[in-house]
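One letter stands for each residue in the lines below.
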Amino acid sequence: MITRQRLAAGICALLATLSAGVAFPAGAVADETDSTASPKVELVLDVSGSMSAKDMDGGSRMAAAKQAFNEVLDATPEEVQLGIRTLGANYHGNDRKTGCKDTAQLYPVGTLNRTEAKTAVATLQPTGWTPIGPALLKAADDLNGGDGTRRIVLISDGEDTCQPLDPCEVAREIAAKGIGLTIDTLGLVPDTKTRDQLSCIADATGGTYTSVQHKEELSDRVGQLVDRAADPVVTPVATEGTAQCSSAPALKSGLYTDREEFGKQRFYRVDVNPGQELRASVSVGADREVNPDYGVLLRAVTVHGREIVRGEGTGNGRTDVISTGLRYPKAESDDDNAPAETVCLQVTNSFSAPSGVKTTPGLPLELTVDVVDAPSNSSDVASFGLGRGWWLLGALVLTGFVAGLLWGWLSRWRLAVWRTN
């Protein structure tokens, strides 16, 4: 029995090794681009009157926020340019129109002077309204410019009180600009309305929402988000597809962002030289409520509209992001001066919006384009897309055959020994 178990374990290990070789062929390495520009972060703090409530470990929400800010300022990486903006910090009156303009930059985005920043934070007192939408618009302007990562960290204990300027719509407009800005939100009160609004703001820009009810949690989470801004990332490039391939933007290898209207299509052009392979993938995010049963189609077509290859994905209403991809190898040519082929990438979606849900701006779209050297024999890719993995597949089949013979022989031998005894 022990001998048979060891043999089985060895065979399984061999099969697993060969399978891993098929799934992850040598040379498939992720491409990571380090951003050399300084990352920028702006902390946006709600200083409305409700922040005086004492439900954060026996102290006020404002005191917990100040403590968190001081700890984060001490731990902020040197390469991060940090700023602080407030909302509801200065106006004490009851005039709604004036209160909804109450947002100010407490500390400008730039090289951090910890002493000055802490002194500015120490002066804050819970005061006025909660103009989240206007504060986000101003914060986006504060972070404008440069090529590094940009992140807003919004800390609030309640809903925006300055409707009809919906902060969710503001976040979508910011994302639609394609400036690569992420908004993370932290809620200090776990009620449903606050959670829904702050989650919507974060989802619109690819950020995160966190509910925080303790001082240590607040400090830890804000610190994590500031540190994350310093991590190397690939910054998407904003582009704008068109309704026709002839006028579409020409893209090279890279990561791109765009917006696509409900039920519409967008075209992009990519030049592929003989002996190269085009790899493309697209993701479309549902940053607002959508009807169930939808799909995304990515097609590679010629400039005359003939389909070359396609990829498609579907969702049922429980998927926030839907993705698909394709590969197209261009055969090598004997002519050294053979021209490149212009391939049109067509992205189509079948999303639809429920009644009352705004359809503008369009849904966030992220497109990855990679033009690489094709396999040595492009016909291999056309044959089930395995390329050089054929020999691994053959080895796997042969190993399975041999393992079956050994297993059968071992079973017969054990049966013969049992009968003899």
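Asks: How would you summarise the overall build of the chain if you had to cite specific residues and measurements?
Replies: For the chain, the count of helices and strands is 10 helices and 15 strands. In the chain, buried positions account for 44% of the 421 residues. Restricting to contacts in the chain with at least 6 residues of sequence separation, those with at least 24 account for 76%. As displayed, the chain has an accessible area near 21,600 Å², and 51% of this comes from carbon and sulfur atoms.

Asks: Describe a negative patch on the surface, naming the residues involved and giving the relevant values.
Replies: Judged by side-chain charge, Asp57, Glu71, Glu216, Glu217 and Asp220 come together as a negatively charged surface patch. Broken down by element, the negative patch gets its largest block of residues, 3 residues, from helix H8 (residues 215-229).

Asks: I'd like a description of the nonpolar core, backed by residues and values.
Replies: Proteins that are soluble and globular tend to have nonpolar side chains buried together. Membership of the largest hydrophobic core comes to 32 residues, with the highest contact counts inside it found for Leu43, Leu45, Ile155, Leu186, Leu218, Val222 and Val226. Apart from residues no more than four positions distant in its own chain, Leu186 is found in contact with Val153, Leu154, Ile155, Ser156, Leu198, Thr210, Val212, Leu218, Arg221, Val222 and Leu225.

Asks: How would you sum up a nonpolar patch on the surface? Please name residues and give values.
Replies: Together, Leu398, Phe401, Val402, Leu405 and Leu406 give the surface a local cluster of nonpolar side chains, amounting to about 480 Å² of exposed area. Looking at the secondary structure, you find Leu398 in helix H10 (residues 390-420). Assessed through its relative accessible area of 54%, Leu398 is described here as exposed.

Asks: So what's going on with the side chain of Thr103? Which residues, and what values?
Replies: Locating Thr103 in the fold gives a position in strand E3 (residues 103-110). A distance of 3.1 Å separates the side chain of Thr103 from the side chain of Arg85, its partner in a polar contact. Beyond its immediate sequence surroundings of up to four residues, Thr103 is in contact with Arg85, Thr86, Leu87, Pro134, Ala135 and Lys138.

Asks: I'd like a description of the state of the cysteines, backed by residues and values.
Replies: Think of a disulfide as a covalent bridge from one cysteine sulfur atom to another cysteine sulfur atom. Scanning the entire structure with this criterion turns up 3 disulfides. Across a sulfur-sulfur distance of 2.0 Å, Cys100 and Cys162 are joined as a disulfide pair. In this structure, the disulfide formed by Cys100 and Cys162 twists by about -95° around the S-S bond and is classed as left-handed. Highlighted residues: Cys100 in the loop between helix H3 (96-99) and E3 and Cys162 in the loop between strand E4 (150-156) and helix H6 (167-176), separated in sequence by 62 residues.

Asks: Could you give an account of the side chain of Arg288, with specific residues and numbers?
Replies: Among the structural elements, Arg288 can be located in the loop between strand E10 (276-285) and strand E11 (294-301). A polar contact of 2.8 Å, which involves the side chain of Arg288, links it to the side chain of Asp287. In this view, Arg288 contacts Arg172, Arg259, Phe262, Val357, Lys358, Thr359, Thr360, Pro361, Gly362 and Leu363; residues no more than four positions away in its chain are not counted.

Asks: Please set out the sheet that holds E11 residue by residue, giving values where relevant.
Replies: Across the sheet, which stays open at both edges, the 4 strands sit in the order E9-E14-E11-E12 with antiparallel pairing between neighbours. Edge positions in the sheet fall to strand E9 (265-272) and strand E12 (307-315), since each of these pairs with one other strand and no more. On average, each strand axis in the sheet is inclined to that of its neighbour by 15°, with strand direction left out of account. Across 6 bridges, E11 lies against strand E14 (residues 341-349) in antiparallel orientation. Following the sheet pairing, Ala300 is matched in E14 by Leu345.

Asks: Tell me about the confidence of the model for the chain, and please be specific about residues and values.
Replies: Overall, the predicted model of the chain reaches an average pLDDT of 83, with 86% of residues at or above 70. Taken together, the stretch residues 378-385 has pLDDT below 50 and engages in 15 contacts with residues farther than four places along the chain or on a different chain.

Asks: Help me get a handle on the environment of Leu82, residues and values and all.
Replies: Inspection of the secondary structure assignment puts Leu82 in strand E2 (residues 81-87). You can call Leu82 buried: its relative accessible area is 0%. When the C-alpha positions of Leu82 and Val41 are compared, they lie 4.9 Å apart, and in sequence the two are 41 residues distant. Those residues in contact with Leu82, other than ones at most four positions away along the chain, are Val41, Leu43, Leu73, Thr76, Tyr107, Pro108, Val109, Gly110, Leu112 and Val226.

Asks: I'd like a rundown of the packing of helix H5 (residues 132-142) against H6, residues and numbers included.
Replies: Axis separation between H5 and H6 bottoms out at 8 Å; the angle between their running directions is 20°. As summarised for this structure, H5 and H6 are arranged roughly parallel, according to the angle between their axes. Here H5 runs over H6; the crossing is right-handed. Judged by residue contacts, Ile132, Gly133, Leu136, Leu137 and Ala140 of H5 engage Pro167, Val170 and Ile174 from H6. Split by residue class, the contact of H5 with H6 holds 7 nonpolar, 1 polar and no charged.

Asks: Describe the pattern of salt bridges, listing the residues and the values that go with them.
Replies: Summed over all chains, the structure comprises 18 salt bridges. In this structure, Lys118 and Asp74 form a salt bridge, with 2.5 Å as the shortest nitrogen-oxygen distance. With Lys118 in helix H4 (residues 114-122) and Asp74 in helix H2 (residues 61-75), this residue pair connects regions lying 44 residues apart in the sequence. Residue classification places Lys118 among the partly exposed positions, given a relative accessible area of 26%. Linking Asp196 and Arg195 is a salt bridge whose minimum nitrogen-to-oxygen distance equals 3.9 Å. Judged by its relative accessible area of 34%, Arg195 falls in the partly exposed class. The network of salt bridges with common partners includes Glu169, Arg172, Arg259, Asp287 and Arg288.

Asks: Go over H2, please, and point to the residues and values.
Replies: When the terminal C-alpha atoms of H2 are compared, their 21 Å separation across 15 residues agrees well with the 21 Å that a helix rising 1.5 Å per residue should span. Taken residue by residue, H2 has Arg61, Met62, Ala64, Ala65, Lys66, Ala68, Phe69, Val72 and Leu73 as its buried positions. Contacts from the buried residues of H2 go to strand E1 (40-46), E2, H4, E4 and H8.

Asks: Give a detailed account of the packing of aromatic side chains, specifying residues and quantitative values.
Replies: Evaluation of the coordinates by the stated rule reveals 1 aromatic pair. Relative to Phe351, the ring of Tyr294 lies with its centre 4.4 Å away and its plane at 20°, an arrangement referred to as stacked. Residue Tyr294 is located in strand E11, and its partner Phe351 is located in the loop between E14 and strand E15 (363-373); the two are separated by 57 residues in the primary sequence. One exposure class covers both Tyr294 and Phe351, and it is buried.

Quick notes on the rules
- Residues numbered from 1 in each chain as written.
- Predicted model: local features only at pLDDT ≥ 70, side-chain atom pairs only at ≥ 80, totals over all residues.
- Heavy atoms only, no water.
- Helix = DSSP H or I, 4+ residues; strand = E, 2+ residues; numbered from the N terminus.
- Buried < 20%, exposed > 50% of the residue type's maximum accessible area, 1.4 Å probe, protein only.
- Contact = heavy atoms within 4.5 Å.
- Areas by Shrake-Rupley, 256 points an atom, 1.4 Å probe, with all protein chains shown as cover.
- Patch = residues over 30% accessible without salt bridge, like charges linked within 9 Å, V, L, I, M, F, W, Y side chains within 5 Å.
- Salt bridge = Lys/Arg side-chain N within 4 Å of Asp/Glu carboxyl O.
- Lys, Arg positive; Asp, Glu negative; His and termini not counted.
- Charge placed at Lys NZ, Arg CZ, Asp CG, Glu CD.
- Core = buried A, V, L, I, M, F, W, Y, C linked by side-chain atoms within 4.5 Å.
- Polar contact = N/O pair within 3.5 Å; in protein donor to acceptor, adjacent residues only side chain to side chain.
- Disulfide = S-S within 2.5 Å.
- Pairing = 2+ DSSP bridges.
- Axes fitted to C-alpha atoms, helices over the stretch in contact; angles between N-to-C directions.
- pLDDT = per-residue confidence, 0-100.
- Parallel < 35°, antiparallel > 145°, perpendicular 65-115°, else oblique.
- Left-handed = near helix turned anticlockwise from the far one by under 90°.
- Nonpolar A, V, L, I, M, F, W, Y, C, P; charged D, E, K, R; others polar.
- Expected span 1.5 Å × (residues − 1).
- Phe/Tyr/Trp six-rings, centres within 6.5 Å; stacked < 30°, edge-to-face > 60°.

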